[in-house]
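# Summary of structural features
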Amino acid sequence: MSSVNTSAHSVVEPTPTVKRIAGVIVILYALVTMIPLAWIFLTSIKSPPDSISYPPKIVFTPTLEGYCNLFTTRTRQTPDYIQSLPPATGTCDEITRSRNMVIAGPSNYWPRFGNSLIIAFGSTFLAVSLGTLAAYGFSRFRVPLADDLLFFILSTRMMPPIAVAIPIYLMYRQFGLSDTALGMILLYTAVNVSLAVWLLKGFIDEIPREYEEAAMIDGYTRLHAFWKVVLPQATTGIAATAIFCLIFAWNEYAFAVLLTSGSAQTAPPFIPTIIGEGGQDWPAVAAGTTIFLVPILVFTIILRKQLLRGITFGAVRK
Amino acid sequence: MSEIKIVNLRKQFGDFVAVEDSSFTVEDGEFLALLGPSGCGKTTTLRMIAGLELPTSGKIHLDGEDVTFNRASARDIAFVFQLFALYPHMNVRRNIGFPLLSQGVPKAEIRARVEETARLLRIDQILDRSVSGLAGGDRQRVALGRAIVRRPKCFLMDEPLGTLDAEFREVMVHELRELHNRIHATTVYVTHDQHEAMAMADKIAVMNHGVIEQFGTPQEIYNRPASMYVADFIGSPPMNFMRFHSGLHRGAQSILLDGIDIPVPEVSEDVRPRELALGVRPEHIRFNDASRLRGAVYGSEYLGTNQVVAVETASGIVKARIPADRSFRLGETVGLEFNPATLALFDCASGRAIASSLYQEARHG
Ligand SMILES: Nc1ncnc2c1ncn2[C@@H]1O[C@H](COP(=O)(O)OP(=O)(O)OP(=O)(O)O)[C@@H](O)[C@H]1O
Ligand SMILES: [Mg+2]
């Protein structure tokens, strides 16, 4: 036995071959899910004729026309009038004029996008805050009928939320909550809070009570102990819950169509209504969608570390 | 530092009585070990003293003040949990300083006191490490540091050595006792390990099924067990019980075991005929071929300096701890002789020790 067996492997660690195969599968899966996103992005930098040409074009001259059309409203003018204007001041100006149009003003995209930000982040914040407090209560205190209450909370998720669209529509009209940011925040919070309670209860149950007890013996009130000891340890759970809540609120379409039309309209119902000359302006729609994807992407990347730590942390702690 | 006084403390969970009307006093600077098997209510007792659990009835006095219904944070005590409960999101320094932060101690003073405590426990070199990477013994010391940094009225420890391996446990037993000798903090220490309790404690309270069976110094508990339970729980191997049926009267100086007269400490109460047990510690047995009490060697266990020999007698198997210089054949007949002054008598039905001069000595000193 002079040579050391270098090929020995652990029984829990996958072998290199298995790892390689898994890697290939993951890459393939990623590619498949990336194709629609890539297609949307490519469409957003095509000209309108390129975007609807058949067969679809892979090679084309990129243009910012989609983005220009997304951000502006335009009016058609005679070539003579356009000739008489002072020189164009920017790329969008030039592109618009080349199509015999002039920019009339900004579009509604950014205000709608702003509504989406306010409503999605607002409702996520509320749902996660309420969910954390409720989950802590259920986890640590003897709540009368706790199991029934938890079941009731879960049961609100057992039907598609849109099933109650009509009563909510009527109720919102009555209370003046239709087409208000507050109304949409409350609605998304109500839908998300049950998810938040259940997810977070699982995470908080995992945090040993001894930590708070230690803090309380060390002279802190329960609220302080919650704030300084429980919350920091629940961050991974909170991050995961927040992402789920945000994705729902950000992408929600059905209620947004039904309950918002003007000042509180969010981006999802707005984007498909972008009409160009002779029908749907696909590059502008794609541009709107591309930008719409950015906040979720950023949010997930920011919280990615927390999520990953959550996975490995739980594995070594016990 | 101060005195802990427990009066008729009781805790019920629904119908289940976890702690039954316990009373005891831990004097200022004393180290008390709460000793008992799993589930006997040790942790519950400790948690009531700490204020983490409200008693069903009874009183808790800390330093003369009734704190029964005070919040944990208002009791000025420190608690070392079995799994240490070090805050994983803070490093060692912040863990130890955390109790001071709640009292609004200035930053510079926190720093100084944390460092002083760390030096005392010899963990000053790991102050800036994360607690998650620490070895068991260091975690233990950090937990102790967090407890002593505040100079609380008393320390409560719930099986703090339970998760350490045997070798290291011995080291920590030493360190803990040394620490106690240095800072003289009133301490209640929960354990199910009699060796820990014997090695560290000034007083031991032996618990069983929520009841404190005996409260006393390690010597009292060992030499003058108040019940068969205590006699059986303490010592390894535990005390031998030789059962016999008889009555006793005050002043009796011997008992009749299988027709053989055995001298015992003078009995000081009258006992009507019933099932009794003679309690003999293994180390109080000598082999003497002249003795009329005989038995056959049943097995032996060699322990280096001495050996434990099991002998089958007419009143059951008796284990004797004797010098290792003699070896026995299985089945060999031997005579047994007991050290009379150390023998205890018990009532088998209640498990209670029968009063005798053995126990009076205890009272007189
Ligand atoms: N919150 C509770 N609700 C119901 N029963 C409880 C509760 N806490 C403890 N008990 C019961 O009370 C009894 C005493 O528990 P305790 O934790 O005090 O035992 P212990 O002596 O510390 O045991 P161990 O050595 O296992 O830690 C146990 O039978 C336990 O099941
Ligand atoms: Mg316990």
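What you see is a predicted model, and the numbers here were worked out from it, not measured in a lab.

Residues and elements named next belong to chain A. In contact at an axis separation of 6 Å, helix α6 (residues 109-140) and helix α9 (residues 181-205) are set at 35° when each is read in the N-to-C sense. For α6 against α9, the interelement crossing comes out right-handed. Of the residues in the contact of α6 with α9, the class split is 19 nonpolar, 7 polar and 3 charged.

Turning our eyes to something else, we now look at the state of the cysteines. Per the stated rule, a full pass over the model turns up 1 disulfide over all chains. In this model, Cys68 of chain A is linked to Cys92 of chain A through a disulfide, with the two sulfur atoms separated by 2.0 Å. Its torsion about the S-S bond being -90°, the disulfide of Cys68 of chain A and Cys92 of chain A is classed as left-handed. Here Cys68 of chain A is found in helix α3 (residues 65-71), whereas its partner Cys92 of chain A is found in helix α5 (residues 91-98), with 24 residues between them in sequence. On the basis of relative accessibility, which here comes to 3%, the residue Cys68 of chain A falls in the buried class. Lacking any disulfide linkage, Cys154 of chain B is separated from the closest cysteine sulfur, that of Cys40 of chain B, by 20 Å.

Time to look at the site of ligand 1. All names here are of chain B. Every residue close to ligand 1 is listed here: Phe13, Phe16, Ala18, Pro37, Ser38, Gly39, Cys40, Gly41, Lys42, Thr43, Thr44 and Glu159. One nitrogen or oxygen atom from the main chain of Cys40 is found 3.2 Å from an oxygen atom belonging to ligand 1. Thr43 places a polar side-chain atom, nitrogen or oxygen, 2.5 Å from an oxygen atom of ligand 1. Protein contact buries 60% of the 630 Å² of open area that ligand 1 shows by itself. Listed by contribution, the elements that provide at least two residues to the shell around ligand 1 are β2 (16-26) and α1 (42-50). Per-element accounting of the shell around ligand 1 gives the leading share, 3 residues, to α1.

What follows covers the pairing of strand β17 (residues 306-313) of chain B. Residue and element names in this part refer to chain B. β17 sits mainly inside the fold: 7 of its 8 residues count as buried. Examined bridge by bridge, strand β16 (residues 294-302) and β17 share 7 bridges and lie antiparallel to one another. Following the sheet pairing, Glu301 is matched in β17 by Val308. Adjacent in sequence and paired antiparallel, β16 and β17 are bridged by 3 residues, among which Gly304 carries a positive phi angle near 90°. In this structure, β17 lies alongside strand β18 (residues 316-323), joined through 8 bridges in antiparallel fashion. When the sheet's bridge partners are listed, Asn306 is paired in β18 with Pro323. Between β17 and β18, which pair antiparallel and follow one another directly, the connecting turn spans 2 residues.

So, about the domain arrangement of chain A. According to the domain assignment, chain A consists of domain 1 (45-107) and domain 2 (110-267 + 291-311). The distance between the C-alpha centroids of domain 1 of chain A and domain 2 of chain A comes to 41 Å.

As a further point, take the interface of chain B and chain A. Taken together, the contacts link 22 residues of chain B with 16 residues of chain A. Summed over both sides, the interface of chain B with chain A buries roughly 1,600 Å², with 67% coming from carbon and sulfur. Counting every contact that joins chain B to chain A gives 2 salt bridges. Close ionic contact of Glu213 of chain A with Arg47 of chain B constitutes a salt bridge, the shortest N to O distance being 2.8 Å. If you look at where chain B meets chain A, you find 9 residue pairs in polar contact (both at pLDDT 80 or more). Mapped onto the side of chain B that touches chain A, the elements with two or more residues apiece are α1, β6 (77-80) and α2 (92-102) of chain B.

Cut-off values and rules
- Residues numbered from 1 in each chain as written.
- Chains lettered and ligands numbered in written order.
- Predicted model: local features only at pLDDT ≥ 70, side-chain atom pairs only at ≥ 80, totals over all residues.
- Heavy atoms only, no water.
- Axes fitted to C-alpha atoms, helices over the stretch in contact; angles between N-to-C directions.
- Helix = DSSP H or I, 4+ residues; strand = E, 2+ residues; numbered from the N terminus.
- Left-handed = near helix turned anticlockwise from the far one by under 90°.
- Nonpolar A, V, L, I, M, F, W, Y, C, P; charged D, E, K, R; others polar.
- Disulfide = S-S within 2.5 Å.
- Buried < 20%, exposed > 50% of the residue type's maximum accessible area, 1.4 Å probe, protein only.
- Near = heavy atom within 4 Å.
- Polar contact = N/O pair within 3.5 Å; in protein donor to acceptor, adjacent residues only side chain to side chain.
- Areas by Shrake-Rupley, 256 points an atom, 1.4 Å probe, with all protein chains shown as cover.
- Pairing = 2+ DSSP bridges.
- Domains from an automatic or database assignment.
- Contact = heavy atoms within 4.5 Å.
- Buried area = accessible area lost by both parts, 1.4 Å probe.
- Salt bridge = Lys/Arg side-chain N within 4 Å of Asp/Glu carboxyl O.

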